[in-house]
Structures are given as C-alpha cells and as structure tokens.
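Now for the letters of each chain:
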Amino acid sequence: MTLRLPPIGLPIPDPWGADADLRWERLVSAARHMRGQATSAGLSSQVDVLRPLLRAGDTAAVISLIRSSAYARALSWLWTEVDGDCRDSIGFRLVETLRTAHRKPSTLLVEQLAHVFFMRFDELDDLPGEQGGAAILDTLGTLLADGASLGLATTIAGAPVPLTHRNAPLAVAQTIRRKAGDPEAAIVAMGLAPYEGGRYMELVRQHLFLEELRSMPVGATTDVLGEVTRPETYSKPHVRGRMLGHAALEILIDRAEHQYPGDAWRDAVLEVAGDPRLTYLDSHTTWWAPLGSAREDRVASWLARADLKVFLDALEKFSNEGGAEGMERMLPPRKQMLEGLVDLGIVRRSRLFLGDDVRRFAWKERLSASATLTGSQYSRRALLYLDCGDFHLIEGSHNTQLWTYLDTPSSRIVDPSTRSFVYQELTSELATGFELRWIARMGTEQGTGHTSIRHSGIWQSKFLEFLAAHGIAIDPEAILSRADYQNLRRLHGLPWVNPNGRPVPLESKESHGAA
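Because the structure is predicted, anything quoted here is derived from the model rather than measured.

Conventions we followed
Residues numbered from 1 in each chain as written. Predicted model: local features only at pLDDT ≥ 70, side-chain atom pairs only at ≥ 80, totals over all residues. Heavy atoms only, no water. Helix = DSSP H or I, 4+ residues; strand = E, 2+ residues; numbered from the N terminus. Buried < 20%, exposed > 50% of the residue type's maximum accessible area, 1.4 Å probe, protein only. Contact = heavy atoms within 4.5 Å. Areas by Shrake-Rupley, 256 points an atom, 1.4 Å probe, with all protein chains shown as cover. Polar contact = N/O pair within 3.5 Å; in protein donor to acceptor, adjacent residues only side chain to side chain. Axes fitted to C-alpha atoms, helices over the stretch in contact; angles between N-to-C directions. Parallel < 35°, antiparallel > 145°, perpendicular 65-115°, else oblique. Left-handed = near helix turned anticlockwise from the far one by under 90°. Nonpolar A, V, L, I, M, F, W, Y, C, P; charged D, E, K, R; others polar. Pairing = 2+ DSSP bridges. Phe/Tyr/Trp six-rings, centres within 6.5 Å; stacked < 30°, edge-to-face > 60°. Lys NZ or Arg CZ within 6 Å of the ring centre and 35° of its normal. Expected span 1.5 Å × (residues − 1).

Participant: Got a sec to walk through the overall build of the protein? Specific residues and values, please.
Facilitator: In terms of helices and strands, the protein carries 24 helices and seven strands. Each of the 515 residues in the protein was classed as buried or not, and the buried ones make up 47%. Contacts in the protein between residues at least 24 apart in sequence constitute 67% of all its contacts with a sequence separation of at least 6. Accessible surface computed for the protein: about 25500 Å², of which carbon and sulfur atoms make up 52%.

Participant: Could you give an account of unusual backbone geometry, naming the residues involved and the relevant values?
Facilitator: In the Ramachandran plot, R240 falls in the positive-phi region, its phi being about 55 degrees despite a non-glycine side chain. Assignment of secondary structure puts R240 in the loop between α13 (231-234) and α14 (244-255).

Participant: I'd like a rundown of the environment of R419, residues and numbers included.
Facilitator: Residue position: R419 is located in the loop between β5 (402-405) and β6 (420-421). By relative accessible area, which is 33% here, R419 ends up partly exposed. Along the chain, R419 and A369 lie 50 residues apart, while their C-alpha atoms are 8.4 Å from each other. In terms of polar contacts, R419 uses its side chain to reach the backbone carbonyl oxygen of S370, at 3.0 Å.

Participant: Account for the packing of helix α3 (residues 44-56) against helix α5 (residues 69-80), with residues named and values stated.
Facilitator: At their nearest, the axes of α3 and α5 sit 9 Å apart, and the two run at 60 degrees to each other. In terms of axis orientation, α3 runs oblique to α5. Read as a crossing pair, α3 and α5 show a hand that is right-handed. Across the interface between the two elements, Q46, V47, V49, L50, R51 and L54 of α3 pack against A70, Y71, A74, L75, W77 and L78 of α5. Looking at the contact of α3 with α5 residue by residue, the classes come out as 10 nonpolar, one polar and one charged.

Participant: How would you sum up the sheet that holds strand β1 (residues 349-354)? Please name residues and give values.
Facilitator: Here seven strands make up an open sheet; going across it, the order is β6-β2-β1-β3-β4-β5-β7 and the pairing mixed. A strand with exactly one partner marks an edge of an open sheet, and here the two such strands are β6 and β7 (450-453). Bridge count for β1 against strand β2 (residues 371-373) is two bridges, and the pairing is parallel. What sits directly across from F353, in β2, is A371. Of the strands in this sheet, β1, β3 (382-387) and β4 (392-396) touch helix α17 (residues 293-318), which is tilted by about 30 degrees from β1. Contacts from helix α20 (residues 428-442) reach β4, β5 and β7 within the one sheet, and its direction differs from that of β5 by about 20 degrees.

Participant: Give me the lowdown on the packing of aromatic side chains, citing residues and values where you can.
Facilitator: Taken as a whole, this structure holds 13 aromatic pairs when the rule is applied. Taken together, a centroid distance of 4.9 Å and an interplanar angle of 85 degrees make the contact between F121 and Y200 edge-to-face. Taken as a pair, F121 in the loop between α7 (107-120) and α8 (134-146) and Y200 in helix α11 (residues 199-215) lie far apart in primary sequence, 79 residues in all. A centroid spacing of 5.7 Å and a plane angle of 25 degrees characterise the contact between F434 and W438, whose relative ring orientation is stacked. With a gap of four residues between them, F434 and W438 both fall in helix α20, about one helical turn apart. By way of ring pairs, the aromatic residues F117, F118, F121, Y195 and Y200 are connected into one cluster. Residue placement shows R381 over the ring face of Y423; its charged tip is 5.1 Å from the ring centre.

Participant: Please give an account of the pairing of β3 that cites residues and values.
Facilitator: Burial within β3 is extensive, with six of its six residues counted as buried. The alternating pattern of β3 places A382, L384 and L386 on one face and L383, Y385 and D387 on the opposite face, and all of these are buried. The hairpin formed by β3 and β4 contains four residues between the paired strands, and G389 there has a positive phi angle of roughly 85 degrees.

Participant: How would you sum up the packing of α14 against α17? Please name residues and give values.
Facilitator: One can describe the packing of α14 onto α17 by two numbers: an axis separation of 10 Å at closest approach and a directional angle of 60 degrees. Classed by the angle they form, the pair α14 and α17 counts as oblique. Regarding α14 and α17, the two cross each other, and that crossing is left-handed. When α14 is examined against α17, the residues E250, L252, I253 and D254 are found in contact with a partner set consisting of R295, R298, V299 and W302. When the residues that make up the contact of α14 with α17 are grouped by side-chain class, the tally is four nonpolar, no polar and four charged.

Participant: Help me get a handle on helix α9 (residues 168-179), residues and values and all.
Facilitator: Compared with an ideal rise of 1.5 Å per residue, which puts 12 residues at 16 Å, α9 spans 16 Å between its outermost C-alpha atoms and is within 8% of the ideal. Listing the buried residues of α9 in full gives A168, P169, A171, V172, A173, T175 and I176. Tucked into the core, α9 has its buried residues touching α10 (183-189) and α11. Phi turns positive one or two residues past the end of α9, at A180, with a value near 55 degrees.

Participant: Can you tell me about the pairing of β4, naming the residues and giving the values?
Facilitator: For β4, the buried fraction is high: five of the five residues fall into the buried class. Taken together, the five bridges between β3 and β4 define a ladder with antiparallel strand orientation. Following the sheet pairing, L384 is matched in β4 by E395. Of the pairings in the sheet, the one linking β4 to β5 comprises three bridges and is antiparallel in character. Residue pairing in the sheet places H392 in a bridge with Y405 of β5.

As structure tokens, then:
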C-alpha cells in the first residue's frame, strides 16, 4: 500500500508550540490525579474493613491484611483522605510492612503513597512518637524510591539527593535557581505539579524565596525584601519547628557580618523580630532566642548607628546655647570619635538617655530602647552609652564629660525595663559606685577602672592613653580628624599600648599563684 500524501495546498498544522510539552505534562498529572480519586470505588469493601480497625488502633490486624495488594491500596487511599478520620493512622510499622510485603508495588499504590508523601511531608514528623516519628517520612521515601521504575520521577538532574529525600525541597529550589528557567515549567517537568498546595511544594517555594534573599546584593531594596516583613510570610511554618521568618532573618543578618547593610535591611529585621535590646518582651523569646546571641549583638550594633544619629542631631541642635563658636568646638571632635568607633565595628550595644525636649525633637526616630532623663533642667540634654566590648563609655551633650569604664558601669543602665534616670545617676554617682565595686573585685593596684575627661584641648589623647595603659589599642586615625591626629603626634606622640595592662581580678591572681 502506498502512502498517500496530502494534496498540494492543504494546510498542515504548525508544530507544537513552546508550551506544548508543559500543557501535555499537566494533562498527564491531572489524569493520574483523577485515577487516584476514582480508586475508592473499586476498593469500597476493603476500605470498609480497614476503617474500623484503624479507628480502634488494631495495628496487628491491619498488618495481616495489607500484605494483600487490594488492602494495601485501600490503606493508602484512606491515608489520602483530606478530611478522613484515618489519615493520621499512618505509622512506621504500617509503612514498613507495605515496603517489605510489596517489593514491586503497583503503580496505583505508589501514586497514592506519593500523594501522602508530597502533600504532608514533614507534617508526618508531628504524629505521636509511638507511630514512628521521623522514621515514617524516611521509610515512605524509601518505598517510593523503590517504586521509581513504575513512572514516579524521583531524581533531580544535577542534584545531590532524590525527590524523595528529606532535604529534597531545598535541592529542588536550588536546581530551579541554577537553571534560571521558568519555575512553574520546572515544577511540572519534575512531576510535582499535582502536589501544589501540599507541604512539600510549600517548602520548595519557601526555599525559592530564601534563595532570592541569598542572591540579592547586600543592602538592596527589592520586592523580595518587602515580602520578608509580611506577617503571612514570616509566620509560616518552616523546618525544625521554626518559622520562615527565622530563616529569612538569619540570611539577612549573616550576609551583613562584615558591613552595615543599610537602613532598609535593618528596618526589615526590626519589623519582624523587634528591638533585640528589649529582652523583656515576648518577641525576644519568639525571635531572638532562636536566632542566637551573635545575631542579636550584630543587629544591636546596627542600632547603635541609629542611636548615634539621634544623639549627634540633638548635640547639634541643643548644644548651641553658647553660640556658634561653642558648637563648633563641641560637635565635630565628638562626632568624629563616636562615628569612628562605630565604623571600627567594636560597638556592640548602645542606649540613649534623653530629656523631654530632645525626645520631642527625635520622636520620629526609633527610640524603643531609650530611657528618659528626668528633671526640667535636663530636658534639653542627651547622653549616649556605648558598649565597645573591652571598654564602655558615656558621652553627653553640653558640658558633660566623657566617662570611660573598663567594665559595664552598672546593670541598671543597660536594663531595658528601667526607663528613667536622674542625670547624676549616669555621671558622677555612676562613677562612684563603679569605683567601689571595681576596687572590691580587682584591688587598688588596678586603679579605679574608669576615667572622666573634659572636652578641652586634644582631649582624645587622654582617652587613648587610658585605654592603652590597660592594654586596649584603638587606631587614633579612626577617631581623630587629620588635623587633630597630626597635633596628637606632634604634642603627645602616639600612645604606647601596655601588653600587660589588662586588668586581672585578685581571685584570678590567687588561683594562678596556687597553681
């Protein structure tokens, strides 16, 4: 028989379009899903037998039955019921029995168990421990991998783990990102489209979101960054009992380990987790405890920049009571020193103490961790506390001296629940109390542990010399203007850092001597 060709001029259909394969895969997935839904009609008698046994918790009786292929399919169908009362009867023993009794599982059994696996995924870990815990998901994944020859796609090209691995959602997301194609088409090509709305695909999309955060430039402001601050995003369950917001904040904070990421990233973190210095709030337990103290300190150091800005703005506005000459003398050197310390990356924590007029002036700023200076005579004053690790300082507006301490001046001034102070509590009285505690702990040979410096002449030299005498090195060029640095070298010379100047408590000396 000769093949008859179409006559000339007969229109020939165009080849499949670019989206034809995608549409075909969707049809295949839909057909599989419909076949699974129709299964119960042919297994009604087995379903009716198993349901009361599962309700009664008679696992032994169920195990004896599901060695039969029909009962195995009926059991897997009961587990797929969205609102069924037997869906949580799944357990390690039952899954393991299916795996060992059906070394070559039927296509239908594999598809139904795949539905359970992909739709519920790590939610299975939350089932009671006596049912097997994490072993349920792992054993189910092994069973599905064994059934891959029946048409269930279980591999990801170029990925280190199969689709049925516990860490597969991350691998799927990374593969999609690496190929830089259409995510929806990739999901269909992997055979995952029927499981949209389930836990597995929820995690894939979460990891895609997190991969975007990992790839965006540090400090960038994009729609992805805005998504972080939406409650419906950051409150989603993620992995290991944490929320998606925990994972997102870890990425934002860790990527800015060696630089300040800018106000947008800082504000996004604060929008979700709140001020890390407010340790008495429930939000601190919810967010900062899981994120860890290192990340908490890093964000607190970002907030020191905001506190410094408020302080310097107040210094510029309210320190000019003695005329332009007074402000010119007071502001630039303090600004240079404080900004220099922050830029060196040694400032760990900060706190503002503001008079009423200053607070009204700065009301638009973030003042959640600040405290109030009481007394109308101090309404136009501001004090700034900085924790610099090896030393602590309190700088103030007007004629306040620079107070420098070799340890935390007092627990009270850093207690976020203490919200009001008298000016003297943070200056002379604070120094007196600290000195008594220092000498009682360290002995008189270690000095007083603090110093106060008036802002006159090259006052920064006294600050540097005090630190150097106690073994603390600060780069003078970082905290001095070029002119002041040259004057320091000419008039005083650069301070020599005493390598043995670190204070050692008496008890440490005694224990060392005894050893």
